[in-house]
Amino acid sequence: MPSTFYTSVSDIALCQKCPALLAYKLHKGEKGVWKIGIKGNGFHYGTLFHKNISQVFFEGASDKNSELHAEIAASLQGGAESLEAVVRRNIFMPFIASRGEEFTAGQIFALARGVTVWVRAMWDFFSGIPSLLRSPEINMHTVFIPPEQKLKARFKLPDGSGLVVNGCYDALMFNPDRAEARLFEFKGYMKSDIAVPLSQSLIYSWLIYRHTGIVPSVEIIYLDEYAKEPDIFAPSAVTEMIKAGLPGLFMSVFSVMAMKKPPEFVRSGKLCSCCKFKLKCEDDWGKMI
Ligand code: SF4
C-alpha cells in the first residue's frame, strides 16, 4: 500500500553519505552522525554564520526601507572592500559584541575569515550584473531574494508512495541581466568530499525549480578555508546531476524510513575508517531487521 514519509534536506544528504548512518539517526536516535567523515577545526559554524551573518545581510539587502539596505547600496559602488567593511561594521562586529564571550579567539577568527570568503564570492557574482553596480538602489530588490524561504515538494515513487522534502536554502541571488539564479551554500568546514554538500545543494536546486521553474547555478562556500578555486556548477550541470542522482537517492531515503529491509552500507574505506560504527554496523542492522 502506498505511503508517504516526510524528510529534510540534511537527512537526505546523510543518506547520500551512507544509508546506514541515516538509519542510526532515525531508528536508534544517534546524534551528531552528520559530523562523521568531515574535516574541520571542530567548530562547525556553517549554521551559526548563516543565521547571524548572511541572513541578517539578506534581510537588509532585500528590504528597501532598512538602514542596512542604504549602506549596502552605497558600498556596491565602492568595490568588494567597501562591501566587506559594511558587513563587518553592521553585522559581524555587533554579533561579536553581543555573543563574543561564547567563542574562543580561534573561533572568532574563523568567523571573520568566513566574512571575507563569502563577500569575495558575492562580489564575483555581482561582477556579472552591470545593472546592479550601475544603479544599486533600483536593482537590489531583484538581486537579493529574502532569506529563509521554506520550500516543500513531493517526489513520487513508482508505486505511488511519496517522499515530501522540506528545506530552507542558505542564500539565493538572481542576476536580472542574464535571467540566472545562484544558490549559495555555506559549509563551516574544509573542502573534503564534495558529494555530500553538492547533493544537499542539488536537492535545494530541485526544490527551487519545483517552485519557480528556474534551475539555479550552485556555489558552495567553505568558510573554513580560502579556497583556491570556488566550486561553482552551471545550471546545465545542475540539471544533469539532478536527473542522474536524485531519484535513486530519494528512493534510498524512502527505503531507510520504511525500514522493510536492512539499509545499504556505503563501505567506503575513507569514510568507514573514521566511523564510530565501523565494527558493528552490519551486525546492528542485521539483528534489528
Ligand atoms: S562503518 Fe561505513 S558502512 Fe558502517 S555505518 Fe559507518 S559509514 Fe556506514
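Provided above is the structure to which this section pertains.
In this text the structure is predicted, and so the values were computed from the model without any measurement.

Reading the values: the criteria
- Residues numbered from 1 in each chain as written.
- Predicted model: local features only at pLDDT ≥ 70, side-chain atom pairs only at ≥ 80, totals over all residues.
- Heavy atoms only, no water.
- Phe/Tyr/Trp six-rings, centres within 6.5 Å; stacked < 30°, edge-to-face > 60°.
- Helix = DSSP H or I, 4+ residues; strand = E, 2+ residues; numbered from the N terminus.
- Buried < 20%, exposed > 50% of the residue type's maximum accessible area, 1.4 Å probe, protein only.
- Core = buried A, V, L, I, M, F, W, Y, C linked by side-chain atoms within 4.5 Å.
- Contact = heavy atoms within 4.5 Å.
- Pairing = 2+ DSSP bridges.
- Axes fitted to C-alpha atoms, helices over the stretch in contact; angles between N-to-C directions.
- Parallel < 35°, antiparallel > 145°, perpendicular 65-115°, else oblique.
- Nonpolar A, V, L, I, M, F, W, Y, C, P; charged D, E, K, R; others polar.

Novice: Help me understand the packing of aromatic side chains, please; the structure alone is not making it clear to me.
Specialist: The geometry of an aromatic ring pair is captured by the separation of the ring centres together with the interplanar angle, meaning the angle of the planes. This structure, assessed with the given rule, holds 17 aromatic pairs. Ring centres of phenylalanine 57 and tryptophan 118 lie 5.1 Å apart, and the angle between their planes is 85 degrees; this geometry places the pair in the edge-to-face category. With phenylalanine 57 in helix α3 (residues 46–62) and tryptophan 118 in helix α6 (residues 105–126), the pair connects residues that are 61 residues apart, well separated along the chain. No difference in accessibility class separates phenylalanine 57 from tryptophan 118, as the two residues are buried. Ring plane angle 75 degrees and centroid distance 5.7 Å describe the contact between phenylalanine 57 and phenylalanine 144, whose orientation is recorded as edge-to-face. Of this pair, phenylalanine 57 sits in helix α3 while phenylalanine 144 sits in the loop between α8 (136–143) and β2 (150–156); the two residues are 87 residues apart in sequence, bridging distant segments of the chain. Residue class for phenylalanine 57 comes out buried when judged on its relative accessible area of 0%.

Novice: Just to check I follow, could you spell out the nonpolar core for this structure?
Specialist: Generally speaking, soluble globular proteins have nonpolar side chains that are buried together. With 50 residues, the main nonpolar core has Val165, Trp206, Leu207, Leu246, Phe250 and Phe277 as its most contacted residues. Ranked by residues supplied to this core, first place goes to helix α10 (residues 235–258) with nine residues. Not counting residues within four places of it along the chain, the set of residues in contact with tryptophan 206 comprises Ala153, Arg154, Phe155, Val165, Ile242, Leu246 and Phe250. Judged by nonpolar contacts, the second largest core, of 42 residues, contains Phe57, Leu76, Ala121 and Val143.

Novice: Please explain the sheet that holds strand β1 (residues 4–8) as it appears in this structure.
Specialist: Strand pairing in a sheet relies on backbone hydrogen bonds. The paired strands run either parallel or antiparallel. In space, the three strands of this open sheet follow the order β1-β3-β2, with mixed pairing throughout. The open sheet terminates on both sides in strands that have one partner only, identified here as β1 and β2. On average, each strand axis in the sheet is tilted by 20 degrees relative to the strand beside it, whichever way the strands run. Here β1 pairs with strand β3 (residues 162–168) via five bridges, running parallel. If you follow threonine 7 over to β3, its bridge partner there is valine 165. Sheet contacts for helix α1 (residues 9–17): β1 and β3; angle to β1, the most-contacted strand, approximately 90 degrees.

Novice: Can you help me understand the packing of α3 against helix α4 (residues 67–75) in this one?
Specialist: Direction vectors running N to C along α3 and α4 enclose 90 degrees, while the axes themselves pass 7 Å from each other. With respect to α4, the element α3 is oriented roughly perpendicular. Packed against α3, whose contacting residues are Val56, Phe57, Gly60 and Ala61, the element α4 presents Leu68, His69 and Ile72 at the interface. For the contact of α3 with α4, the residue count by class is five nonpolar, two polar and no charged.

In short, geometric facts, not functional conclusions.
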